[in-house]
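Coordinate inspection notes
The primary structure of each chain is shown beneath.
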Amino acid sequence: MKYLSGNEIRQKYLDFFKERGHLVLPSASLIPHDDPTLLLIGAGMAPFKPYFTGKVKPPATRITTCQKCVRTGDIENVGRTARHHTYFEMLGNFSFGDYFKKEVIPWAWEFLTKVLELPADKLWITVYPKDQEAYDLWHDVCGVPAERIVKLEDNWWEITSGGPCGPDSEIHIDLGEERGCGSPDCGPGCDCGRFLELWNLVFTQYNKEPDGSYTPLQHKNIDTGLGLERVASVLQNKPSNFETDLIFPIIEYACRVSGKTYNADPKDDVSLKVIADHARSVTFMIGDGILPSNEGRGYILRRVLRRAIRHGRLLGIRKEFLVGAADLVIDMYGDHYTDLREKKSYIEKVIAMEENSFLQTLEQGTDLLNQKIDAMRKAGSTVLNGEDAFQLYDTFGFPWELTEEILEEQGFTMDKEGFEKAMEAQRERARSARNDKEGKPVLYETRHLKLGVLTVDEASKNGKVAAIFPAH
Ligand code: SER
């Protein structure tokens, strides 16, 4: 096993599959194209759904990519575990009605053991119990001994919202007994951390329909996903993905700005990791054209960005720091994702505006929340009422998840139902204001925007003034 940088691993992967007849495509945008079922791309195969289903003809039947992915489903775990991220990269090779199991299994084995030189005797395989064909290929062709091939019922891959899916087979690496839980049942699938899943090979044979049923696809396909950060952690011999060269320089940056030391205080480490992870998401999301807003993917961006800023505060950072983190991300990733360099000043501007406006309110909002927490403590209550939570959201722009997280850190919860009610009541007020000719318009608060950092969008010169209201 030899040390390889994240950039080298990415390149070796793409080259390996190029040599095996694959078209190398750049990563698709994080914004799904023509796919209302997804807010963001969260898997390497997601941009190729129409190719798998046969709706659109692919430019080649063999494609390989390194896909940018953002997932925020378990954002609270980021920084608390070795491998949870909101941003990650997935290396993938895809067959659309071309090769199938007997090609992809030996290739995966060859890439890991010959190109990356991972120790074969540390690799474990899991297969879908009924998939004898996959089992035999691992055993007879690759020579994996039976005791390291495990049959697991959950070797089935699909996106909850539907689309192409099928049985899968995973490759795990044993990181050593000292990393494990010691249980006699410990093995791939145990979540103690000893067995690290590296690569998932999906044998895409079905389409999950909106009603939940499975229809066989016309062609059999292959969809694989190899986590770049995970492989880097193994080849760089690091205890977690955060110490790899794909992330660690951002942690070092956050240490410099905050004056903190990594590995000195577990609480600080969480914040340092959150900042490093979120800085990557924010940079790539803005680079792909997402703007902070209160809805949809814009809200996801806002939430991630504001969460990073709050963790900066927890580290004692009092000034703006996220633009510097994004600059570093652009430096680290700009050779491969060349568009980041072209969009650098735009990315900086968007972050600066959002960071600036949020910093102004963060302090006031946090003070207010702390007062409420004190009052709850005195009153012996543990639940923040929905109206108060909504006030923080509405007045201070606190993503409600942030309020919830701060509360949870101190042993409190939030009345989510009450919050939803207050939100709905506000929507209703806005609706009736729109229908009321005499009513006041609902306008975004724009007075804090610094005009100096705004630019003119040359492409949108034609506009129509719909109404003019007096300032109030
Ligand atoms: N779709 C599979 C995954 O995301 C393999 O790419 O794990």
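Anyway, here's the lowdown on the structure attached to this text. (Residues numbered from 1 in each chain as written. Predicted model: local features only at pLDDT ≥ 70, side-chain atom pairs only at ≥ 80, totals over all residues. Heavy atoms only, no water.)

1. Details of the site of the ligand
- Around the ligand, a shell composed of Ala43, Met45, Met90, Trp157, Asn200, Val202, Asp223, Thr224 and Gly225 is seen.
- Within the backbone of Thr224, an N or O atom sits 3.2 Å from an oxygen atom of the ligand.
- The backbone of Gly225 places a nitrogen or oxygen atom 3.1 Å from an oxygen atom of the ligand.
- Considered on its own, the ligand offers 230 Å² of accessible surface; in the complex 95% of this is hidden by protein.
- More than half of the atoms belonging to the ligand lie within 2 Å of the grid points that define the second largest pocket.
- Broken down by secondary-structure element, the contributors of at least two residues to the shell around the ligand are strand 8 (195-208) and strand 9 (214-227).
- Broken down by element, the shell around the ligand gets its largest block of residues, three residues, from strand 9. (Near = heavy atom within 4 Å. Polar contact = N/O pair within 3.5 Å; in protein donor to acceptor, adjacent residues only side chain to side chain. Areas by Shrake-Rupley, 256 points an atom, 1.4 Å probe, with all protein chains shown as cover. 1 Å grid on protein atoms, 1.4 Å probe; cavity = no way out; pocket = protein on both sides within 12 Å on 5 of 7 lines; lining within 4 Å. Sits in = over half its atoms within 2 Å of the grid points. Helix = DSSP H or I, 4+ residues; strand = E, 2+ residues; numbered from the N terminus.)

2. Remarks on empty space enclosed by the protein
- Counted according to the given criterion, the structure contains one cavity of 30 Å³ or more.
- Along the walls of the largest cavity sit Arg303, Arg307, Pro399, Glu401, Leu402 and Glu405, which together make up its complete lining.
- Mapped onto the lining of the largest cavity, the elements with two or more residues apiece are helix 8 (296-314) and helix 13 (400-409).
- At three residues, helix 13 tops the list of elements feeding residues into the lining of the largest cavity.
- Of the residues in the lining of the largest cavity, the class split is two nonpolar, no polar and four charged. (Points joined across faces, edges and corners; volume = space filled by probe spheres on them. Nonpolar A, V, L, I, M, F, W, Y, C, P; charged D, E, K, R; others polar.)

3. Some words on the packing of helix 1 (residues 6-19) against helix 3 (residues 101-115)
- Taken N-terminus to C-terminus, the directions of helix 1 and helix 3 make an angle of 135 degrees; their axes are 12 Å apart at the nearest point. With respect to helix 3, the axis of helix 1 lies oblique. Like other packed secondary-structure pairs, helix 1 and helix 3 cross with a definite hand, here right-handed. Contacts between helix 1 and helix 3 involve Lys12, Tyr13, Phe16 and Phe17 from the former and Trp107, Glu110, Phe111 and Val115 from the latter.
- Its residues assigned to classes, the contact of helix 1 with helix 3 comprises six nonpolar, no polar and two charged. (Axes fitted to C-alpha atoms, helices over the stretch in contact; angles between N-to-C directions. Parallel < 35°, antiparallel > 145°, perpendicular 65-115°, else oblique. Left-handed = near helix turned anticlockwise from the far one by under 90°. Contact = heavy atoms within 4.5 Å.)

4. Quick notes on helix 1
- Between its terminal C-alpha atoms helix 1 stretches 20 Å, which fits the 20 Å expected from 14 residues at 1.5 Å a residue.
- Restricting attention to buried positions, one finds in helix 1 the residues Gly6, Ile9, Arg10, Tyr13, Leu14, Phe16 and Phe17. Taken down its axis, helix 1 places every buried residue within 155 degrees of arc, on the same side. Projecting away from the buried face of helix 1 at angles above 90 degrees are the exposed residues Lys18 and Glu19.
- Backbone geometry just downstream of helix 1 places Gly21 in the positive-phi region, at approximately 80 degrees. (Expected span 1.5 Å × (residues − 1). Buried < 20%, exposed > 50% of the residue type's maximum accessible area, 1.4 Å probe, protein only. Arc of directions from axis to C-beta.)

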